[in-house]
Amino acid sequence: MFLCIYSSVLYKFFSAVSTWLLAPLLRPPILRSRVRGSRAGKPENQIYHGFTNPRRAPGSAPGEGRCPQGAAAALREPPLPSAPGAAAASPPAPSRRRRGRPGTGEARRLSRQRRAQGTSPPGCAGAQVSDGCRVVLKMPSEKQTAVKYYVGVDVGSASVRAALVDGFGTVVAHAEQPIQVWEPQPDHYEQSSADIWAACCCVTKEVVRGVDASQIRGLGFDATCSLVVVDKHFQPLAVNSEGQNQRNVIMWMDHRAVSQVKRINATQHRVLSYVGGAMSVEMQPPKLLWIKENLPESWEKVGYFFDLPDFLSWKATGVTARSLCTVVCKWTYTSDRGWDDSFWKMIGLEDLVKDKYEKIGNHVLSPGEAVGKGLTRDAAQDLGLPEGIAVAASLIDAHAGGLGVIGADVKGHNLPCENQPITSRVAMICGTSSCHMGVSETPIFVPGVWGPYFSAMIPGLWLNEGGQSATGKLIDHVVRGHVAFPELEAKAEASAHSIYTYLNSHLDLIKKSLPVGFLTVDLHVWPDFHGNRSPLTDLTLKGMVVGLTLSRGLDELALIYLATIQAIALGTRHILEAMQAAGHEITTLFLCGGLSKNPLFVQMHADITGKPVVLSKEVESVLVGAAILGACASGDFASIQEAMAKMGKIGKVVQPNHEHKRFYDKKYEVFLKLVEHQREYRSIMNSL
C-alpha cells in the first residue's frame, strides 16, 4: 500500500512538472498587431517612417472586393520588449507607379487558428469564444457585461487600416491593407476611390470577424484630405490627361495647382484670413480650378466633388452630407456664414455657386454626428457589419489623431498641463507629413498657420493647424538616397532589426561621451524638401544641407539621419513659437502617428522644444480617434469630449533634457539663418 501511495505521489509530481515545462510549447501562437510600415515577422515596436510602396494581390484590379494575401489582421497582445532605440522598418523608395511587397497572410491564418482552438481574444477578460466569438468583459462587480465595440477606419497616404476598439479605448483587433498610388508626372499624385473602398471593406471584415454583431455599435471614418471626383451617377471621373477614370483622386500631397493657388492668394480675399493668410496648394479650391482649366471634359461631367473622408461616409450611408471638419479646413466654409459666394466668383469657379453648392456640399454635419439612417444594406454587406449601425460624420486623419490623444487624463504624471484647460496642449500627428493641432476658446489668427477653424476637431473650440509637408517621407528619402544605404540595409537585416533601430543603435556607438544630439554640431539641415507649409507658407522653399564631407560610410549616414530628425523638430519649434506669439499658451506636446514610435524622434522633439512629450497608451491614436466618432454617433457617449476622456489613455511621458538647452538654442539660430540665406541666394539669382 505504501508503494501505491508513493507511486501516485510521484506520478502527480511529474505530471505537474511536465505540464509546466511543456505549456509554452503547447500554447497557441501569439499574434502581434501589424503596424503601418512594418515587415512581416518584425515586432510591434517598429514604426512607419515614410511613404510606403503599396501593392495589390497579383491580378486584382482597383475596386475588386476581395482581400489580397497581404491584408494582415491580429488580435491584440502586449507589445514585445523594445530594443534600445527601436524604430520601424521603412518602406522601399517610391517609383513612378508605386507598389509594395505582398504580405504572407500569416497573421490572418493564426487568427483563425486561435478561433478554432477557442482561445479568448487577448486583453478581453472573461472572453467566451464560439462560432460567434462573443467577447464579454468581467467588471469589478464580478458580473459579466457585454462589451460595446466601435470600428474606426483610417485611410492614410499608402494604406487603409481598421481597428475594433472597446469603450475604454483599447484596440482589440487591427488590420491593414495597402492601396495604390500613381505618380504620372512630378508632383502629381493620384489614387482610385474604388481601390480605397475595397481596402476599407477588406480590413473592416477582418477586425470584426467572429465578433457578435450586436456588440458593434458605431463606425467612424477618417482619411487624408484628398479630392475625389465622380459624375452625376457617382461613377469615377479622370483627374488626369490620360483619361483614366479609375484614377479619380487627387492626393493631398499633389502640387499640380501651383499657378492656381498663386492667383487665388493674389486676390487677398477675406476667407484667406482663416487659412493663415495664404491658401496652400494642398487645399481643394486650387485643385478644382486646375481641373476646370486643364480637364474641361471631366469638369463638364462632374456631379460631385468630395473630400475623401466625406466620400467614405457617403459610401457607407448614401447621404452626401459633408463634415464640418473637411469643408472648414480645406474648402473655405465657415461655421457661421457658410460658403462665401464672392470668393468662388472671384477665383473663376462661379459654376459651383449656380447650383447652390450641390457639387461641393450644402448639407454639413459636425464630426461625430450620426449620418442619415446609418449603414445601408449594400455597405453593410461590403464591410461585414450590421445594417443600420450608426455612421459618424468623418474627420481628416490628422484631426482624428488629435481627437484620439489630446483629451487624455494626465492626473498623477506631474505634467504642466495638469489641472489646465485642454488649450495648453498641442497634438502632433506625425507620419508621412506632420500636423500640429492646437485649440483655443476664442479665435486666434496665426500668420502662416491654418485656422482658426470653429468646431473642426473638438466641438465648441477653435482649431489652429500647423504642419510640415514632408517628415517621415523626408527621413526615408534622406536615408535611402545615401550611398551607404545598402550597407545599412544588410547590417540591419543581419541583426534582425529595422534600419531605423540599427541607425539609432549606431548613433549610440559613435557618440562616445557626448550626448547623441551633439554629434551634429557641424551638420545642419533645412527640411523643406517639399516646400514650407507652416509658418512661412512658401511652396518654393527647398531643402538645404550644410556641413557635408567626402565620407561615404555608415557613420555619415547616421549623422545625416540625426540632423534630419533634428531639423524636423526645429521646424516644430518654429511653428510652436509662431502659435505662442499669436496668443496660444502651450505647455505640453501629445504625439501620435508612426514617427512617435521612434524614441530618437520623440526625444529630439522634447529637447528642442523644451516641452514634455506625452505618448498615447494606444499607439494607434488615429484609429482610436476614428472609433471615438463612431462611439459618439451611436449615442453611447453624450459628447465628443466625454468619449475623448474615456477612450484616450496616456502612455509614456518623455521629459526634455534641460541641460542641453543652450546647444539646441544655437542649433535653432543656425536653422533660422539657413532660410534667411536661401532667400538671399534666390534674390541674388533673380537679379540676373
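Quick summary incoming for the structure in this document. This one's a predicted model, so the numbers in the text were calculated from it and none came from an experiment.

How each quantity is defined
- Residues numbered from 1 in each chain as written.
- Predicted model: local features only at pLDDT ≥ 70, side-chain atom pairs only at ≥ 80, totals over all residues.
- Heavy atoms only, no water.
- Salt bridge = Lys/Arg side-chain N within 4 Å of Asp/Glu carboxyl O.
- Helix = DSSP H or I, 4+ residues; strand = E, 2+ residues; numbered from the N terminus.
- Buried < 20%, exposed > 50% of the residue type's maximum accessible area, 1.4 Å probe, protein only.
- Expected span 1.5 Å × (residues − 1).
- Contact = heavy atoms within 4.5 Å.
- 1 Å grid on protein atoms, 1.4 Å probe; cavity = no way out; pocket = protein on both sides within 12 Å on 5 of 7 lines; lining within 4 Å.
- Points joined across faces, edges and corners; volume = space filled by probe spheres on them.
- Nonpolar A, V, L, I, M, F, W, Y, C, P; charged D, E, K, R; others polar.

Here the focus is the pattern of salt bridges. Here the structure, examined in full by the defined rule, presents 29 salt bridges. The shortest N-O distance in the salt bridge between R161 and D154 comes to 2.8 Å. Note that K646 and E642 form a salt bridge whose closest N and O atoms lie 3.2 Å from each other. Linking K646 with E642, this pair stays in helix α19 (residues 640–647), spanning four residues, or about one helical turn. Under the relative-accessibility criterion, E642 is labelled partly exposed at 26%. Through salt bridges with shared partners, one network takes in E190, E242, R247, D254 and R256.

This part covers helix α18 (residues 621–634). In this model α18 runs 20 Å from its N-terminal to its C-terminal C-alpha over 14 residues, within 8% of the 20 Å that 1.5 Å per residue would give. Among the 14 residues that make up α18, 14 are buried, leaving the element largely enclosed by the rest of the structure. At the C-terminal side of α18, G635 shows a positive phi close to 90°.

With that settled, the discussion passes to helix α20 (residues 661–686). Over its 26 residues, α20 runs 38 Å from end to end, which matches the ideal 38 Å to within 8%, given 1.5 Å per residue. All buried positions along α20 are accounted for by F663, Y664, K667, Y668, F671, L674, V675 and Q678. The secondary structure elements touched by the buried residues of α20 are β22 (524–526), β23 (544–546), α16 (554–582) and α17 (599–609).

Within the secondary structure layout, A316 lies in helix α7 (residues 308–317). We classify A316 as buried; its relative accessible area is 0%. Through-space distance from the C-alpha of A316 to that of R377 is 9.1 Å; in sequence the pair is 61 residues apart. Excluding its chain neighbours within four sequence positions, the residues that come into contact with A316 are W197, F221, G374, L375, T376, A379 and V391.

This part covers empty space enclosed by the protein. Applying the stated criterion across every chain, the model contains seven cavities of 30 Å³ or more. In this structure, the largest cavity spans a volume of roughly 440 Å³. D397, I429, G431, T432 and S433 are the residues nearest the centre of the largest cavity, which is lined by 30 residues in total. Elements supplying a minimum of two residues to the lining of the largest cavity: α12 (397–405), β18 (425–430) and α18. In the lining of the largest cavity, the residues fall into eleven nonpolar, nine polar and ten charged.

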